[in-house]
Amino acid sequence: MPKYVRDNTGRFQQRPHYEPKELDIECEKIIKAFLTALHGTVKFPVQTEDLKKLIERDADDLDVYADLSIYGPEVEGVTEFSPGQKPRVSISSALTEDTRRENRLRTTLTHEYGHVKFHSYLWDMEPPSADLLRQQPNRNKIICKRDTMIDATQTDWMEWQAGYICGALLMPKSTVTNLCREYSEVHNIYGAISIQSAVGAQLVQATVTAFKVSQEAARVRLFKLGFLTAAPQSPPLFG
Ligand SMILES: [Zn+2]
């Protein structure tokens, strides 16, 4: 169970606070149990169709051909909550129809799933009144913009959590750890790998390939888990 703190965004009285390691553990459990139930085995990258199935399992509806232009040009995903019911997820059709942006679609689907799985109970606990919904018709929705899908500031706690969850589901910590450990051993590196080094760039590329994510998503995840650093590479311990 998460710890509860005051919600400074004013959406709820209280909001859950998760440590990154709690989300890592929880997300790894969720994705591995889901893939095992579906295929009898756990393999990465998670297939895009399986990401849709995961949402469909826990949401009332998934529409990947939604017109979200009413929310603004930056919006690519919306999750709508109704107390007592499962949430409904909408993904921008512009994203679904553009095959060059499949990695973006994958992170958006998984980000919205983060809201479905980790946030929908909040609307059951503190449902907005009919009056409030009339004044603020988007009060029961989370409207997600492209720029904060993978990484948001901690003050925007819902987006931050969904972004972290997205990385933790697509790139579970133990699988990423194994990949990074192999790289460090092969290249005789102790500690975090510098993003400025060729090995750092190769590690990002290996993560992109292993988990079928964008360069940005791979980089953010590797930084958050402490496998990448912005500092220059320290020399190997043993020549
Ligand atoms: Zn979001």
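The present account deals with the structure reproduced in this document. (Residues numbered from 1 in each chain as written. Predicted model: local features only at pLDDT ≥ 70, side-chain atom pairs only at ≥ 80, totals over all residues. Heavy atoms only, no water.)

**Here's the deal with the overall build of the protein**
Counting secondary structure elements, the protein contains nine helices and eight strands. Expected size for 239 residues packed as a compact globule is a radius of gyration near 18 Å; at 19 Å, the protein falls within 12% of this value. Seen through its principal axes, the protein has C-alpha atoms that stretch 70 × 40 × 35 Å. The proportion of buried residues among the 239 residues of the protein is 47%. Across the protein, every contact between residues at least 6 apart in sequence was considered, and the portion connecting residues at least 24 apart equals 69%. Counting every atom, the protein has about 12,100 Å² of accessible surface; 51% of that belongs to carbon and sulfur. Computed over 29 positive and 31 negative side-chain charges, the inter-centroid distance for the protein is 3 Å. (Helix = DSSP H or I, 4+ residues; strand = E, 2+ residues; numbered from the N terminus. Rg over C-alpha atoms; globule rule 2.2 N^0.38 Å. Buried < 20%, exposed > 50% of the residue type's maximum accessible area, 1.4 Å probe, protein only. Contact = heavy atoms within 4.5 Å. Areas by Shrake-Rupley, 256 points an atom, 1.4 Å probe, with all protein chains shown as cover. Lys, Arg positive; Asp, Glu negative; His and termini not counted. Charge placed at Lys NZ, Arg CZ, Asp CG, Glu CD.)

**Side note on the coordination of the zinc ion**
Only H111 (NE2), H115 (NE2), C144 (SG), E159 (OE) and E159 (OE) from the protein reach the zinc ion as donors, at distances of 2.0 to 2.7 Å. In the primary structure, the donors to the zinc ion are separated according to the pattern H-x3-H-x28-C-x14-E. Taken together, the residues H115 in helix α4 (residues 102-125) and E159 in helix α6 (residues 157-170) connect sequence positions 44 residues apart. Side by side, H115 and E159 carry an identical accessibility label, which is buried. (Donors = N, O, S within 2.8 Å, 3.2 Å for Na, K, Ca; no water.)

**Comments concerning α6**
A rise of 1.5 Å per residue sets the reference length of α6, with its 14 residues, at 20 Å; its end C-alpha atoms lie 20 Å apart and thus fit the reference within 8%. Here α6 lies mainly inside the structure; 14 of its 14 residues are buried. (Expected span 1.5 Å × (residues − 1).)

**Thoughts on the nonpolar core**
Grouped together as the largest cluster of nonpolar side chains are 50 residues, with contacts concentrated most on I91, L109, V176 and L222. With seven residues, the top contributor of residues to this core is α6. With residues up to four places along the chain from it excluded, the contact list for L109 reads T48, L51, K52, I55, L62, V64 and I91. With nine residues, the next largest nonpolar core counts F12, W123, C144 and M149 among its residues. (Core = buried A, V, L, I, M, F, W, Y, C linked by side-chain atoms within 4.5 Å.)

**Focus: unusual backbone geometry**
Residue F44 is joined to P45 through a cis peptide bond whose omega torsion reads 0°. Within the secondary structure, P45 is located in the loop between α1 (20-39) and α2 (48-58). Residue N188 is not a glycine yet carries a positive backbone phi of 55°. Mapped onto the elements, N188 comes out in the loop between α7 (173-187) and β7 (193-194). Even without being glycine, K212 reaches a positive phi, approximately 50°. In this fold, K212 is placed in the loop between α8 (198-211) and α9 (215-224). The exposure class of K212 is partly exposed, given its relative accessible area of 32%.

**What about the sheet that holds strand β4 (residues 75-80)?**
Within the open sheet, the four strands sit side by side as β3-β5-β4-β6. Their pairing is mixed. Every interior strand has two partners, whereas the edge strands, β3 (61-66) and β6 (141-145), have only one. For this sheet the average axis-to-axis angle between neighbouring strands, irrespective of direction, equals 15°. Where β4 meets strand β5 (residues 88-92), four bridges bridge the pair, whose relative direction is antiparallel. Note that in β5 the partner of G77 across the bridge is I91. (Pairing = 2+ DSSP bridges. Axes fitted to C-alpha atoms, helices over the stretch in contact; angles between N-to-C directions.)

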